[in-house]
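# Structural description and commentary
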Amino acid sequence: MKGLIDMKGVNFSGPRVIKGSNYDSSQPGTTTPRIITVTSGKGGVGKTSLSVNLGISLAKAGNEVVIFDADLGLANVEVISGLAPPLNLYDCLQGRADIKDIITPGPAGVKIISGGSGFSELANLSSSSLQNLTDSLGILDDEADFIIIDTAAGISKNVLAFVASVKELILVLTPEPTSITDAYSIAKVISKYSLHSEINVIINRAAGQKDAGQTLMKFERACLNFLGLSVNYLGYVPEDKTVFEAIKAQVPLLIYKANSPAAKCIPKIGDNLSNKCNEDLSVNTGIREFTGKLARLFRR
Ligand SMILES: Nc1ncnc2c1ncn2[C@@H]1O[C@H](COP(=O)(O)OP(=O)(O)OP(=O)(O)O)[C@@H](O)[C@H]1O
Ligand SMILES: [Mg+2]
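Everything numeric here is computed off the predicted structure, so don't read it as measured data.

### Details of the sheet that holds strand β10 (residues 230-238)
Pairing is mixed across the open sheet formed by 8 strands, whose spatial order is β5-β6-β4-β7-β3-β8-β9-β10. Because the sheet does not close on itself, it has two edges, and the strands there are β5 (103-105) and β10. Taken over all neighbouring pairs, the strand axes of this sheet differ in orientation by 25° on average, direction set aside. The pairing of β5 with strand β6 (residues 111-114) spans 3 bridges and is classified as antiparallel. Bridge pairing links Thr104 to Ile112 in β6. Its contacts with the sheet put helix α6 (residues 157-165) on β3 (34-39), β7 (146-150) and β8 (168-173), and the angle it makes with β3 is roughly 145°. Across the sheet, helix α7 (residues 177-192) lies against β3, β8 and β9 (198-206), angled at about 160° from β8, the strand it touches most.

### Some details on the packing of helix α1 (residues 47-60) against helix α11 (residues 261-274)
Closest axis-to-axis distance for the α1/α11 pair is 9 Å, and the angle between their directions is 70°. Judged on the interaxial angle alone, α11 and α1 are roughly perpendicular. The two elements α1 and α11 meet at a crossing, and its hand is right-handed. Together, Asn53, Leu54, Ser57 and Leu58 of α1 and Ile266, Pro267, Ile269, Gly270 and Ser274 of α11 make up the contact between the two elements. In terms of residue class, the contact of α1 with α11 is made up of 5 nonpolar, 4 polar and no charged.

About the criteria used
- Residues numbered from 1 in each chain as written.
- Chains lettered and ligands numbered in written order.
- Predicted model: local features only at pLDDT ≥ 70, side-chain atom pairs only at ≥ 80, totals over all residues.
- Pairing = 2+ DSSP bridges.
- Helix = DSSP H or I, 4+ residues; strand = E, 2+ residues; numbered from the N terminus.
- Axes fitted to C-alpha atoms, helices over the stretch in contact; angles between N-to-C directions.
- Contact = placed C-beta atoms within 7 Å.
- Parallel < 35°, antiparallel > 145°, perpendicular 65-115°, else oblique.
- Left-handed = near helix turned anticlockwise from the far one by under 90°.
- Nonpolar A, V, L, I, M, F, W, Y, C, P; charged D, E, K, R; others polar.

As structure tokens, then:
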């Protein structure tokens, strides 16, 4: 498989084949990555750790994975991955770097793009600069199966732009009551503005399967009954001190201790995500639609 960094030229035309899903990949045409925003209501629930480790798990299963660190101003993805990318999207928008310079090879073949403050600069881009950016990022359309966007927590304008610009969303919550109510606040906004009809959910830091199930039930009931939103459960990760140890060692959990209780749950979540059949994805138009929407939302 060609590497991202060697990729030249983009073809946006023709029928699309959705990668990383159980769609019929025998169709001719270009490939389209699944672009997935990972977010939460409450902070510190494990989004970054899950984004990185889920990315690694999908990569180990044979997918090309790119993680976008969109927690603007913070650089948690690279810290957790033990990387220090010298350049980020902001450098690219300022003309100091080419798109290929800001794609950093990470653990298990995952590629990492640091957002820096680049995304917030989208608001100031001229149409031609935006077109350049979209065309440059278009290399990901042909090369990535999954683009995972790790966001900050909460309902800020920036986070909502990432929530609204993608076809798929993963909401991370923990069994803590405040995490559930904060996640519900995001769900309310999603429902109010009809951003998504379904939310994928991961329950992190659960005492066990039962605890995760009870948390899911509370959240799912509220979403269905009061918001008409359906919830797709991707799985849970237990409370496990190894997660902290791995972060401290700046080695992703799946590499630090793949047989720890938390690490063992991640591939199941990856499989559930890969095997998910989402009708919306059949009209997935990849990076072009994503960057266009994102820019419009940042401009507001
Ligand atoms: N399954 C787990 N078991 C134990 N501790 C965990 C688990 N998941 C996450 N943590 C702890 O939670 C902390 C926060 O994790 P992480 O940085 O991934 O959260 P976040 O949601 O990205 O935070 P932020 O909202 O600040 O971006 C970690 O430092 C880790 O110690
Ligand atoms: Mg984070």
